[in-house]
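# Secondary and tertiary structure notes
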Amino acid sequence: MVHFYELATMDAAQRRRLLRRAELRIEEVTERVRPIVEDVRTRGDAALLEYTARFDGVELSAERLRVSAEEIERAHHQLDSRMRAALEQAIRNVKAFHQRQLPHEQWYTQVMPGVMAGELVTPISSVGLYVPRGKGAFPSVMYMLAAPASIAGVARIVVCTPPGPSGEIDAASLVAADLCGVHEIYRVGGAQAIAALAYGTETIPRVHKITGPGSGYVAAAKRLLYGVVDVGLPAGPSEAILLADDSADPELVARDLLIEAEHGPDSSSLLVTPARPLAEAVRQLLPAKIAALPEWRRAFCRAVLEEEKGTGGIILTRDMEEAVAFVNEYAPEHLEVQVREPFALLTQLRNAGEILLGPATPICLGNYCIGTNAILPTGGFAHTFSATSVHDFLKRTGVAYVTATGYRALEETTRMLAEFEGFPAHAAAVSERPLATWPEARE
Ligand SMILES: NC(=O)c1ccc[n+]([C@@H]2O[C@H](COP(=O)([O-])OP(=O)(O)OC[C@H]3O[C@@H](n4cnc5c(N)ncnc54)[C@H](O)[C@@H]3O)[C@@H](O)[C@H]2O)c1
Ligand SMILES: N[C@H](CO)Cc1c[nH]c[nH+]1
Ligand SMILES: [Zn+2]
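In this text, all values refer to a predicted model and were calculated from it rather than measured experimentally.

Calculation notes
- Sequence order as written defines residue numbering, which begins from 1 separately in each chain.
- In the order they appear in the text, chains get letters beginning with A and ligands get numbers beginning with 1.
- The predicted origin of the model limits local features to residues at a pLDDT of at least 70 and limits the giving and counting of side-chain atom pairs to 80 or more, whereas totals for whole chains, interfaces and linings rest on all residues.
- We call a residue near a molecule or strand when its C-beta atom, built from the backbone, sits within 6 Å of it.
- Classification convention: Asp, Glu, Lys, Arg as charged; Ala, Val, Leu, Ile, Met, Phe, Trp, Tyr, Cys, Pro as nonpolar; all other residues, Gly among them, as polar.
- To qualify as a helix, a DSSP run of H or I must reach at least 4 residues; to qualify as a strand, a run of E must reach at least 2; elements of each kind are numbered from the N terminus.
- A helix is expected to span 1.5 Å for every residue after the first.
- With C-beta atoms placed from the backbone, a residue is buried if 20 or more other C-beta atoms are within 10 Å of its own, exposed if 12 or fewer are, and partly exposed between those counts.
- In this analysis, strands are considered paired if DSSP registers two or more bridges between them.
- To obtain an axis, a line is fitted to C-alpha atoms, over the contacting stretch when the element is a helix, and the angle between two such axes runs from 0 to 180 degrees between their N-to-C directions.
- Note that the domain bounds were set by an automatic or database domain assignment.
- UniProt positions are given in the numbering used here, feature names are shortened, and annotations may be inferred rather than shown by experiment.
- Contact criterion: two residues are in contact if their C-beta atoms, reconstructed from the backbone, are within 7 Å.

### Quick notes on the site of ligand 2
Close to ligand 2 lie Phe 138, Ser 140, Val 141, Ser 238, Glu 260, Glu 333, Asn 367 and Ala 374. Residues that form the shell around ligand 2 fall into these classes: three nonpolar, three polar and two charged.

### Side note on helix H6 (residues 139-152)
Taking 1.5 Å per residue as the helical rise, H6 with its 14 residues ought to reach 20 Å, and the 20 Å between its terminal C-alpha atoms agrees with that figure. Most of H6 is tucked away: 14 of the 14 residues are buried. In the stretch just after H6, Gly 153 is the one whose phi turns positive, near 95 degrees.

### Here's the deal with the sheet that holds strand S12 (residues 354-357)
Taken together, six strands build an open sheet; the order of strands is S1-S10-S9-S8-S11-S12 and the sheet is parallel. Edge positions in the sheet fall to strand S1 (4-6) and S12, since each of these pairs with one other strand and no more. Each strand axis lies, on average, 20 degrees off the axis of its neighbour in the sheet, ignoring direction. The sheet contact formed by strand S8 (residues 239-244) and strand S11 (residues 334-338) spans five bridges and is parallel. For Ala 240, the partnering residue across the bridge sits in S11 and is His 334.

### Side note on the sheet that holds strand S2 (residues 106-112)
Picture the strands of a sheet paired through backbone hydrogen bonds; they go either parallel or antiparallel. Read across the sheet, three strands follow the order S2-S3-S13 without closing on themselves; strand pairing throughout is antiparallel. The open sheet has two edge strands with one neighbour each: S2 and strand S13 (394-402). Put simply, the sheet's adjacent strands are angled 20 degrees from each other on average, direction ignored. In this structure, S2 lies alongside strand S3 (residues 115-123), joined through six bridges in antiparallel fashion.

### A word on the site of ligand 1
For ligand 1, the set of nearby residues contains 29 residues, the closest of which are Gly 134, Pro 162, Gly 189, Gly 190 and Pro 213. Taken together, the elements giving at least two residues each to the shell around ligand 1 come down to helix H3 (45-56), helix H8 (190-199) and helix H9 (216-224). In terms of residue class, the shell around ligand 1 is made up of 14 nonpolar, 10 polar and five charged. Residues from two domains meet in the shell around ligand 1; each of domain 1 (4-22 + 237-371) and domain 2 (27-236) gives at least three.

### Side note on unusual backbone geometry
In the Ramachandran plot, Arg 21 falls in the positive-phi region, its phi being about 30 degrees despite a non-glycine side chain. Examined against the element boundaries, Arg 21 turns out to sit in the loop between helix H1 (12-20) and helix H2 (23-43). Of note in the backbone geometry, Ala 331 takes a positive phi value of approximately 55 degrees without being a glycine. With respect to the helices and strands, Ala 331 occurs in the loop between helix H13 (320-330) and S11. In this structure Ala 331 comes out as buried when scored by C-beta crowding, with 23 C-beta atoms within 10 Å.

### A closer look at the UniProt feature "coiled-coil region" (unreviewed entry) in the protein
As recorded in UniProt, the feature "coiled-coil region" (unreviewed entry) lies at residues 62-89. What you have in residues 62-89 is 68% helix and 0% strand, and the ends, taken at the C-alpha atoms, are 36 Å apart.

### Concerning the domain arrangement of the protein
By the assigned domains, the protein splits into domain 1 (4-22 + 237-371), domain 2 (27-236) and domain 3 (404-441). Computed from C-alpha coordinates alone, the two centres of domain 2 and domain 3 are separated by 46 Å. Listed as interface residues are four residues of domain 2 and, on the opposing side, four residues of domain 3. Among the residues forming the side of domain 2 that touches domain 3, the class breakdown is three nonpolar, one polar and no charged.

### Some remarks on the UniProt feature "active site" (unreviewed entry) in the protein
Here, UniProt's "active site" (unreviewed entry) annotation points to Glu 333 and His 334. If you trace the backbone, Glu 333 turns up in the loop between H13 and S11. The exposure class assigned to Glu 333 is buried, which follows from the 31 C-beta atoms found within 10 Å. If near-sequence neighbours (up to four positions away) are discounted, Glu 333 is found in contact with Ser 238, Glu 239, Ala 240, Gly 353, Leu 376, Pro 377, Thr 378 and Ala 382. You can see His 334 is positioned in strand S11. Filtering out sequence-adjacent residues up to four positions away, His 334 remains in contact with Ala 240, Glu 260, Gly 353, Glu 354, Leu 356, Ile 363, Gly 366 and Leu 376.

Here it is in structure tokens:
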């Protein structure tokens, strides 16, 4: 039976378990991941190759870690033409959206006469993109990461992605990377790939920032490496909430509930609604829809929606206000809204990686081709983190210029604050400064 909860009577432990979702499993695997990270740090490529053999079942040599230019070229010939057209449309939309995010390279404001303050925006010089592949290939993740990184102007973009059963990287992912101008791709995945990007190995040079989604192993490795490298937004196992009222079509809601549930047993997918007839109808429809899926995706949906450890299901609330409050507390990665007046409700929605409004905007469109980014914060981190964007690949540096007039107006304030804080050198630096002789302090 699909999990069915009434929010008003849900006990505190159950509520906490749903709110924590996959975070609990990431904690569980952290100690298993720690020695992998340490091993890659000390033994480099040799460790990478051993873990690739153990976890991906692929024997590689260090020379084969990097995908060759010929393989990328071959991928273009191998890719089915309809798949190429789909990729091109999706990438076009994703690029158009992210191009619009680009901020001005610099801006200044006169905060008071003679005091100019502003920001210089520059790209991060090297980034590592993690594209998962344990339960299927993700060309979409490739372009969701590579497009904003390349639009931001990152000079060195490196991709790590696990090899398929015969050591190959799928043609669609290679073409997607190429269409985004990314060519440094290594066939290595899991915690070992994150460690390689953070510390560097003989073959994979280290980067300044790593970003991209992944399984619990990947998420745990990133947390262990916080402080060694910038590990970006926490994007772990996929999750979604469908927020619906009695105007929603149960058939569409039931279908859309399976979108994120089919990613893996650690995914979460919840219908949150005050409409009992809708909740009951969706509950009736789900078993047949789950049964119609191929075996392994069926097993994932059952694990999420029916099994004891699963963190999916249906939550019935007393009214829409209670439903919205729960959604805001949960802060889902994807939020699909199927209510009579979605734009009116939007003003009350505060925490989500993305919000998709109306019955024609199912989560799968957002996953692939609307243009918005599908690499989003999970585990409740949408309370503070944002969707992946060009801003993840840029940094802002404060820039200021003070003239002699501005300096004179700030001299005493600086001295007062420095003396109060007990910094005599700070205070001395604004005493008797021979400003008038400096041509660069001109007005
Ligand atoms: N939040 C997002 O934006 C977002 C987007 C896409 C996908 N996802 C999520 O990413 C995840 C992808 O997971 P995946 O499994 O398909 O790919 P993955 O690449 O993250 O994990 C597979 C890798 O894990 C390693 N591994 C496997 N078993 C291991 C073990 N026992 N010990 C240590 N390492 C092991 C292997 O090296 C393998 O290459 C899913 O949970 C999906 O929901 C999230
Ligand atoms: N649902 C994922 C983000 O959580 C994105 C994705 C890619 N392919 C299918 N789904
Ligand atoms: Zn998805």
